[in-house]
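Below are the chains, spelled out letter by letter.
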Amino acid sequence: MPVRLKGACHCRAVTFEVDSHTPAPFMLCYCSICRKQQGGGGFAINLGADSRTMKVTGKRHLGVYQAEIQDEEHEACEVSSGQRNFCKKCGAALWLYDPTWPDLIHPFASAIDSALPRPVEKVHIMLKYKASWVEPDVAPADKVFEAYPEESIADWHKRTGMWVD
């Protein structure tokens, strides 16, 4: 049975519930989009969940941001297909949805009110984009990647025994 994650923005104008087999907050993303959208420590933590189970109250208070990407890998400006949902009243980042993977939704761990399991290791991704002032706290068991790892959120949970049936 998957875990029911409950979350909300700071002002509680938007609340949500979603089922997750992958609730461990293990992956720290240092890309400029995640960092500037909701990563006050220099990174953001996204969870994985089943988008088909998402229930939202306060939808009228939701805003959606789609980042424009232009860097050494994207010479021409591209609009990301990722839809970052946030509360228009308090500005809290809530979840990322990308229609490329319609069955998935990625709640930001910072928006979750439910207890989350402590990860057995952390994965630091997109380190080539980290801010110069950020010094990642990498433990001996942690993994680090300049960009994206090949291992998915689901595969990580299965490999580490943290998958919730």
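Criteria and thresholds
- Residues numbered from 1 in each chain as written.
- Predicted model: local features only at pLDDT ≥ 70, side-chain atom pairs only at ≥ 80, totals over all residues.
- Heavy atoms only, no water.
- Salt bridge = Lys/Arg side-chain N within 4 Å of Asp/Glu carboxyl O.
- Helix = DSSP H or I, 4+ residues; strand = E, 2+ residues; numbered from the N terminus.
- Buried < 20%, exposed > 50% of the residue type's maximum accessible area, 1.4 Å probe, protein only.
- Pairing = 2+ DSSP bridges.

Draft legend 1. Inspection of the pattern of salt bridges at higher detail. Scanning all chains against the criterion turns up seven salt bridges. Between Arg-4 and Glu-17 there is a salt bridge whose closest N-O contact spans 3.0 Å. On the criterion of sequence distance, the pair formed by Arg-4 in strand S1 (residues 3-8) and Glu-17 in strand S2 (residues 15-20) is long-range, its members being 13 residues apart. Among the residues examined, Arg-4 registers a relative accessible area of 28% and is labelled partly exposed. Asp-113 serves as the salt-bridge partner of Arg-12, at 3.2 Å between the closest nitrogen and oxygen. A residue pair is termed long-range when its members are at least 10 positions apart, and Arg-12 in the loop between S1 and S2 and Asp-113 in the loop between strand S12 (104-107) and strand S13 (123-125) qualify at 101 residues. By sharing partners, the salt bridges in this structure join Glu-121, Lys-143, Glu-151 and Arg-159 into a single network.

Draft legend 2. Structural context of the sheet that holds strand S5 (residues 49-50). Judged by pairing direction, the sheet is antiparallel, and its five strands sit side by side in the order S5-S12-S11-S10-S7 without closing on themselves. Looking at strand neighbours, the two that pair on one side only are S5 and strand S7 (62-65), the edges of this open sheet. Where strand S11 (residues 93-97) lies against S12, two bridges are found, and the strand directions are antiparallel. Looking across to S12, one finds that Leu-96 is bridged to His-106.

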